[in-house]
Number of protein chains: 2
Amino acid sequence: MKTIRIGILGLGVVGGGVIEIINRHREKMKSHAGVDLEVVRAADLTTERFAQLGLSPQQCTTDAFEVVNDPNVDIVVELIGGVGVARDLVLAAINAGKPVVTANKALLATYGEEIFNAADAKGVDIRFEASVGGGIPVLEPLTHALTGNEITRVMGIVNGTTNYMLTRMTDDGLSFDEVLKEAQDLGYAEADPTADVDGLDAAAKIAILASLAFNSRVTLDDVYAEGIRKLSATDIEYAEEIGYTVKLLGIANKLADGIDVRVHPTMIPCNHQLASVNGVYNAVYLTGDFVGDVMFFGEGAGAGAAASAVVGDLVEAARAYQSGNKVIGCTCTDNLPIRPLDTLRTRYCVRLIIEDKSGVIAQLGAVFANYGVSLKSLKQRGAAGAGQVEFIFMTHETLEADMQKVLADIAQIDAVHEVASVLRVENLD
Amino acid sequence: MKTIRIGILGLGVVGGGVIEIINRHREKMKSHAGVDLEVVRAADLTTERFAQLGLSPQQCTTDAFEVVNDPNVDIVVELIGGVGVARDLVLAAINAGKPVVTANKALLATYGEEIFNAADAKGVDIRFEASVGGGIPVLEPLTHALTGNEITRVMGIVNGTTNYMLTRMTDDGLSFDEVLKEAQDLGYAEADPTADVDGLDAAAKIAILASLAFNSRVTLDDVYAEGIRKLSATDIEYAEEIGYTVKLLGIANKLADGIDVRVHPTMIPCNHQLASVNGVYNAVYLTGDFVGDVMFFGEGAGAGAAASAVVGDLVEAARAYQSGNKVIGCTCTDNLPIRPLDTLRTRYCVRLIIEDKSGVIAQLGAVFANYGVSLKSLKQRGAAGAGQVEFIFMTHETLEADMQKVLADIAQIDAVHEVASVLRVENLD
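Residues numbered from 1 in each chain as written. Chains lettered and ligands numbered in written order. Predicted model: local features only at pLDDT ≥ 70, side-chain atom pairs only at ≥ 80, totals over all residues. Heavy atoms only, no water.

## Details of the overall build of chain A
For clarity, the cut-off: Secondary structure elements are taken from DSSP: a helix is a run of H or I of four residues or more, a strand is a run of E of two residues or more, and numbering for both begins at the N terminus. Atoms counted for the radius of gyration: C-alpha only. Globule rule: 2.2 Å times residue count to the power 0.38. Each residue's exposure class comes from its accessible area (1.4 Å probe, protein chains only) as a fraction of the maximum for that residue type: buried when under 20%, exposed when over 50%, partly exposed otherwise.
When you go through chain A residue by residue, the secondary structure sums to 14 helices and 17 strands. In terms of overall dimensions, chain A is globule-like: its C-alpha atoms have a radius of gyration of 24 Å, near the 22 Å expected for 429 residues. Principal axes of the C-alpha set define a box for chain A whose edges measure 80 × 45 × 35 Å. Split into buried and exposed, the 429 residues of chain A put 59% on the buried side.

## As for the packing of aromatic side chains
Our working definition: Think of it this way: a Phe, Tyr or Trp ring, Trp meaning its six-membered ring, pairs with another when their centres are within 6.5 Å, and the plane angle makes it stacked under 30 degrees, edge-to-face over 60, tilted otherwise. By definition here, charges over rings are those cases where NZ of Lys or CZ of Arg is within 6 Å of the ring centre and within 35 degrees of the ring normal.
This structure, assessed with the given rule, holds 13 aromatic pairs over all chains. Taking the centre distance of 4.8 Å and the plane angle of 70 degrees together, the rings of Tyr-164 of chain B and Tyr-188 of chain B count as edge-to-face. In this pair, Tyr-164 of chain B is assigned in helix 7 (residues 160–172) and Tyr-188 of chain B in the loop between helix 8 (176–185) and helix 9 (194–197), connecting sequence segments 24 residues apart. Plain terms: the ring middles of Phe-368 of chain B and Phe-393 of chain B are 4.9 Å apart, the flat faces sit at 45 degrees to each other, and that makes the pair tilted. Highlighted residues: Phe-368 of chain B in helix 13 (residues 360–370) and Phe-393 of chain B in strand 15 (residues 388–395), separated in sequence by 25 residues. One exposure class covers both Phe-368 of chain B and Phe-393 of chain B, and it is buried. Aromatic rings pair up to connect Tyr-281 and Phe-297 of chain A together with Tyr-285 of chain B into one cluster. The ring of Tyr-111 of chain A is capped by Arg-87 of chain A, whose NZ or CZ atom sits 3.9 Å from the centre of that ring.

## What to know about the relation of the copies chain A and chain B
This is how it is decided: Least squares is the method used to superpose the copies, on C-alpha atoms of residues holding a pLDDT of at least 70 in both. It only takes one pair of heavy atoms within 4.5 Å for two residues to be counted as in contact.
Once chain A is rotated about the relating axis by 180 degrees and shifted along it by 0.0 Å, it coincides with chain B to within an RMSD of 0.0 Å. Each copy turns onto its partner about a two-fold axis. Every residue of chain A has its C-alpha some distance from the rotation axis, and the shortest such distance is that of Phe-296 of chain A, at 2.4 Å. When the interface residues of chain A are mapped onto chain B, 100% of them again lie at the interface, so the same face is used by both copies.

## What to know about the interface of chain A and chain B
Many analyses report the size of an interface as the accessible area lost when the parts associate. Quick note on the threshold: Salt bridges are identified by distance alone: a Lys or Arg side-chain nitrogen within 4 Å of an Asp or Glu carboxyl oxygen. N or O atoms closer than or at 3.5 Å make up a polar contact, with two conditions inside protein: a donor-capable atom paired with an acceptor-capable one, and, for residues adjacent in sequence, both atoms drawn from side chains. Under the scheme applied, nonpolar residues are Ala, Val, Leu, Ile, Met, Phe, Trp, Tyr, Cys and Pro; charged residues are Asp, Glu, Lys and Arg; polar residues are all the others, including Gly. The criterion for strand pairing is that DSSP finds at least two bridges linking the strands in question.
Between chain A and chain B, the contact holds 50 residues from the first and 50 residues from the second. Where chain A packs against chain B, one counts two salt bridges. The partner of Asp-289 of chain A in a salt bridge is Arg-24 of chain B, and the shortest N-O contact between them spans 2.9 Å. Linking chain A with chain B are 20 residue pairs in polar contact (both at pLDDT 80 or more), by the criterion used here. At the level of elements, helix 1 (13–33), helix 6 (139–143), strand 11 (281–288), strand 12 (292–299) and helix 12 (303–323) of chain A are the ones that each hand at least two residues to the side of chain A that touches chain B. Considered class by class, the residues forming the side of chain A that touches chain B number 20 nonpolar, 18 polar and twelve charged. Examined bridge by bridge, strand 12 of chain A and strand 12 (residues 292–299) of chain B share five bridges and lie antiparallel to one another.

## Quick word on the sheet that holds strand 3 (residues 60–61) of chain A
Residue and element names in this part refer to chain A. Selection criterion: The axes are straight lines fitted to the C-alpha atoms, using for helices just the contacting stretch, and the angles between their N-to-C directions are given from 0 to 180°.
Strand order in the open sheet formed by six strands is 3-2-1-4-5-6, and the pairing between neighbours is parallel. With partners counted over all chains shown, the strands left at the sheet margins are strand 3 and strand 6 (126–127), one partner each. Alignment of strand 2 (residues 36–43) against strand 3, held across two bridges, turns out to be parallel. Residue Ala-42 lies in a different strand from strand 3, and its bridge partner there is Cys-60. Packed on one face of the sheet, helix 1 meets strand 1 (3–9) and strand 2 and runs near 160 degrees to strand 2.

## Topic: the pairing of strand 13 (residues 345–355) of chain B
Residue and element names in this part refer to chain B. Counting buried positions along strand 13 yields nine of eleven residues, so the element is predominantly enclosed. Inspection of the sheet shows strand 13 paired to strand 16 (residues 398–399) by two bridges, in the antiparallel sense. When the bridges of strand 16 are listed, Thr-346 appears paired with Thr-398. As paired elements, strand 13 and strand 15 share seven bridges and run antiparallel to each other. Following the sheet pairing, Arg-351 is matched in strand 15 by Ile-392.

## With respect to the packing of helix 7 of chain B against helix 8 of chain B
If you want to describe how two helices pack, look at the angle between their axes and the distance between the axes. All names here are of chain B. Filter applied, for reference: Should an angle fall under 35 degrees it is called roughly parallel, over 145 degrees roughly antiparallel, and 65 to 115 degrees roughly perpendicular, with every other angle called oblique. Crossing handedness is read from the near helix: turned anticlockwise from the far helix by less than a right angle, it gives a left-handed crossing, and turned clockwise, a right-handed one.
Contact geometry of helix 7 with helix 8 gives a least axis separation of 9 Å together with a crossing angle of 130 degrees. In terms of axis orientation, helix 7 runs oblique to helix 8. The handedness of the crossing between helix 7 and helix 8 is right-handed. The segment helix 7 lies against helix 8, with Tyr-164, Met-165, Arg-168 and Met-169 engaging Phe-176, Val-179, Leu-180, Glu-182 and Ala-183. A breakdown of the residues in the contact of helix 7 with helix 8 according to their chemical character gives seven nonpolar, no polar and two charged.

## A word on the environment of Arg-262 of chain A
Residue and element names in this part refer to chain A. Among the structural elements, Arg-262 can be located in strand 10 (residues 258–269). Distance from Arg-262 to Ala-203, taken between C-alpha atoms, is 7.1 Å for residues 59 residues apart in sequence. With sequence-adjacent residues up to four places away left out, Arg-262 is seen in contact with Val-223, Tyr-224, Leu-249, Gly-250, Ile-251, Asn-253, Leu-341, Leu-344, Arg-424 and Glu-426. A polar contact of 2.7 Å, which involves the side chain of Arg-262, links it to the side chain of Asp-260. Within the structure, the side chain of Arg-262 is placed 3.0 Å from the side chain of Glu-426, a separation counted as a polar contact.

## Focus on helix 13 of chain B
Residues and elements named next belong to chain B. Inclusion rule: The directions from the helix axis to the C-beta atoms are what the arc is built from.
Among the residues of helix 13, Val-360, Leu-364, Val-367 and Phe-368 are the ones counted as buried. Buried residues of helix 13, seen end-on, are gathered within an arc of 95 degrees and therefore sit on one face of the element. Among the exposed residues of helix 13, those oriented more than 90 degrees off its buried face are Ala-362, Ala-369 and Asn-370. Where helix 13 ends, the next residue or the one after it, Gly-372, has phi of about 70 degrees, a positive value.

## Points about the environment of Ile-413 of chain A
Residue and element names in this part refer to chain A. Tracing the backbone shows Ile-413 in the loop between helix 14 (400–412) and strand 17 (416–425). Residue classification places Ile-413 among the buried positions, given a relative accessible area of 9%. A C-alpha to C-alpha distance of 8.5 Å links Ile-413 and Val-360, two positions 53 residues apart in sequence. Leave out the neighbours within four places in its chain, and Ile-413 touches Gln-363, Leu-364 and Val-367.

## Topic: the nonpolar core
In a soluble, globular protein the nonpolar side chains are often hidden away together inside. Heads up, the rule is: Grouping buried Ala, Val, Leu, Ile, Met, Phe, Trp, Tyr and Cys residues that are joined through side-chain atoms within 4.5 Å yields what is termed a nonpolar core.
Formed by 166 residues in total, the largest nonpolar core has its most connected members in Leu-209 of chain A together with Leu-209 of chain B. With near-sequence residues (within four places) excluded, Leu-209 of chain A lies in contact with Val-132, Val-138, Leu-139, Leu-142, Val-154, Val-158 and Val-284 of chain A.

Right, here's the structure in full:
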């Protein structure tokens, strides 16, 4: 059995985890999977990591290109992240004909077309299971076991930080600011939490999922992303009262006229399988024409989980490399249009803070009627402040464009103090 | 692209589904997966199926061996089921050097060693995703994406019929007999429901899962199987009161001294991910040393779901066949012992019907104390009949052998009218 020589770029916690797995399970992978993996080179700017991970000085460098270009490296693992040097390194590895394993969701959601086209032209294998859902096997089943299906929907709780925050807000009634601080203290959220709380991390992941599921390139820019900053414990509490849970969902639907793809806080029925995915766990829920509904659940973050996915990819890349198995490309040959958000049809739950005076309901009702938006329910909740009350409207399915006009007009009504929240509602059936 | 020629043995609903998928998605699979699948031969004893499925008389036969031995057939799909002729056919295909795709859980859980050894000796690919969990991709991720892990636990709700029945008993308080009749009327349960309700179907599936997860052969005979016949709505109702749900779980643990493998009705915490798997849905829950907990959820039954899994296997088998990719065998090289049920350590919930007279609690307490079984709680529920009451004991973790002695002694106490139920309790942490 020929040893497959691995070069790792980036020795953070995931890179360290990959080395640990190979150290612990190398013999097992030889006997079970028929491949012998060895980390022969590694690059990192933090040179103390080399000795910490048991690497010899000869194996290590601060110049990642040296690893990519080393003729003794068969497969390159890119764990640097970001869309700068990581892009150059991945392209360099592809040009050198070396299979690449990466966890870099931002890179693939931004420069996927360039990277996959380059890989396809060279017949080079590129694998990225760790880029979505941490250790959960989802991209491999989507492109292999489920390949007999037309996938029409992919949805996911794909950001562990925000799911942890929403779970705490739901279970303990905490505010966004309180749970953000807690998540930062626990190391779940970054000092700059933008990528997580504004939905950008989830947007990159749903872009990757949609690209694979629908065989049509979806980039980060294509995804409407709305995060959880404006969400309050009140919204979550009200959702619960009527049998819903609030989750930050990435949603992608393949419709007759194109792809609907978005990330936003979403009210989903409490009895749906995704509703019980709590804490830092992630889950991806798919619908195919033959398989029906399938869900993949697990740890979406953490060094061990991500390293597990990277090593799974390494084993497959190594097996294909040593057998000369033809690679399934990710070139996305169906070029489906992206539907503008305006064309979305869904239900909305709107919470308003209103001055408690007569005639307001009539004014509001006129606005909804004016744009043909039909109401399913209207509820008044106790005093929101001196002389103020809270109104919660739930609409029937309606057009996003119409809903936005309704909201703009409502904001102009004198008695409306605040449009406190607007949540999209998915029935998921 | 060379066309890969498929021969199907057995044209029931799953076989029909496979033909439908290939008819609908053949071009898609060519462009996405790089393989061209064509059903060239088929065998069934019900000759009317041939025309129903659009097959020409020349393609069809009632002699399945004719299909296996046809030099124009590259890959054989076995969908006859059972452990009789199916075994001969699968071995004949292997001997002819032809890859086999099968959904036959009973065959693999009974003659797995013979079949996988034969396949390994011939270097022949054998795939069986549809044998566990219907359309849910679980065997492929277990043996591929998760291969960097030592798997220490596999649990599953792997029988849709009993899960449907338990869900109805839980939601609507129906009796076992009522839901069995309903399940039979709906076509979810067979006229002879033994394989489902006595846990034998689930036992075959957990045997296959454990064999793959632990790389050690587990056969149907190794699995302690207890079904749901004795379960009452009262047991489920009481479990709910204290925060538990009752599920028929297949459970396999890899412990220091061997494999613990069993199927029985199990009380699990309501907030566990498996607790919300309801109706005919299935789920498999795994724990690995790096990936942590992972769950796969989906439709465990139904022609479309199973056909989806068969076609996923066909695509992989075809890719390996045309590229000469070395097959990962299923020979299970670790020969771990199976732990006897007596050595199990778990918690128990016991419901007794007792004559309402003084001194009974002291007698019961003495029996528990005699075998060192420690009680977590004791609860008396209203009158169970004239002069009778219901006692429910929950134990701390204890040895199965001790618990069986306790139960035998309790049954001898005059005042004990009936040991109404004994449920094992898993905390799953």
